[in-house]
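Survey of secondary and tertiary structure
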Amino acid sequence: MSERKVRGAFIVVEGLDRSGKSSQVTLLEEHLKAEGVAVRLVKFPDRTTPIGKLIDSYLRSESEMDDRSIHLLFSANRWELAKSIQDSLESGTTVICDRYAFSGIAFSAAKNASGMSYEWCRGPDIALPAPDITLFLAVSPEQQRARGGFGEERYEKADFQERVEHVFERIGVEMGDGSRWFAVDADQRKEEVAQELWRLVQPLAKGTDRPLGRLWA
Ligand code: TMP
Ligand code: MG
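This is a predicted model, so every value here is computed, not measured.

What counts as what
- Residues numbered from 1 in each chain as written.
- Chains lettered and ligands numbered in written order.
- Predicted model: local features only at pLDDT ≥ 70, side-chain atom pairs only at ≥ 80, totals over all residues.
- Heavy atoms only, no water.
- Helix = DSSP H or I, 4+ residues; strand = E, 2+ residues; numbered from the N terminus.
- Expected span 1.5 Å × (residues − 1).
- Buried < 20%, exposed > 50% of the residue type's maximum accessible area, 1.4 Å probe, protein only.
- Arc of directions from axis to C-beta.
- Contact = heavy atoms within 4.5 Å.
- Patch = residues over 30% accessible without salt bridge, like charges linked within 9 Å, V, L, I, M, F, W, Y side chains within 5 Å.
- Areas by Shrake-Rupley, 256 points an atom, 1.4 Å probe, with all protein chains shown as cover.
- Salt bridge = Lys/Arg side-chain N within 4 Å of Asp/Glu carboxyl O.
- Lys, Arg positive; Asp, Glu negative; His and termini not counted.
- Charge placed at Lys NZ, Arg CZ, Asp CG, Glu CD.
- Near = heavy atom within 4 Å.
- Polar contact = N/O pair within 3.5 Å; in protein donor to acceptor, adjacent residues only side chain to side chain.
- Nonpolar A, V, L, I, M, F, W, Y, C, P; charged D, E, K, R; others polar.

If you check helix α1 (residues 21-34), its first and last C-alpha atoms are 20 Å apart, about what 14 residues at 1.5 Å a residue would give, namely 20 Å. Among all positions of α1, only K21, Q24, V25, L28, E29 and L32 are buried. Looking straight down α1, one finds its buried side chains confined to an arc of 140°; they lie on one side. Looking at the buried side of α1, the elements it contacts are β1 (10-15), β2 (39-43), β3 (94-98), β4 (133-138) and α8 (190-201). One or two positions beyond α1, positive phi appears at G36, with a value near 85°.

A few words now on a negative patch on the surface. Side chains of E142, D159, E162, D185 and D187 sit close together on the surface and give a patch of like negative charge. Along the chain, the position of D185 falls in strand β5 (residues 181-185). Judged by relative accessible area, D185 falls into the partly exposed class, the value being 40%.

The next point concerns the site of ligand 1. Neighbouring ligand 1 are 14 residues, the closest being K43, R47, R78, R99 and G104. Between D17 and ligand 1, the recorded distance is 3.1 Å, taken from a side-chain N or O atom to an oxygen atom. A distance of 2.7 Å is found between an oxygen atom of ligand 1 and a side-chain nitrogen or oxygen belonging to R99. Here ligand 1 loses 94% of its free accessible area of 480 Å² to cover by the protein chains. Only α3 (67-90) and α4 (101-109) provide two or more residues apiece to the shell around ligand 1. Broken down by element, the shell around ligand 1 gets its largest block of residues, three residues, from α4. Counted by class, the shell around ligand 1 contains six nonpolar, two polar and six charged residues.

Nothing here speaks to function; it is all geometry.
Right, here's the structure in full:
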């Protein structure tokens, strides 16, 4: 019997703005490193690439763009890193991704723009490397407010975030049982959320021998 090679795990953390996602990603990274795991942190949008700079300017409302164009740029921003994510995983490095294709679908579909159905929004991200686990930080509108409200960026408005939340829920349901999509109550204290995330991630901490999947392909 031939042994399958162990690769790094692909962990995605998703959530609304003010869900505590950035802190949790950092805590998770620190925890994995403390366990001796090689970790690479990736954040989408990656605002440092030429495509990322266009996205950054749009999010700060320094430029306007057609809804379809910006949607495709967010996806292109993932595709430009897809190969290097795959390479990291194959070399045994665990990759934690702060937002991924699910944000791409949720924020664009929530616009309810004509011709931008859920299916259309999903299209460009089909066949991206699939996460081994997706941790969705579910935060309530009350907690979002209690945490000091939103910043200045486009999309950081309560009514829009509520629509985004609904699309995320749909994604979670449609991903199905084998997808390892977990919604975690992000209204809890930071330490409690971190503990719950760790419990979910721990089985993958030493990597996995599962072949890397492709999203919706
Ligand atoms: P950030 O706050 O995590 O830096 O993300 C910036 C915003 O971009 C956030 O409101 C979510 C949104 N977004 C999309 O609309 N589409 C995407 O594909 C991604 C990754 C983020
Ligand atoms: Mg933000």
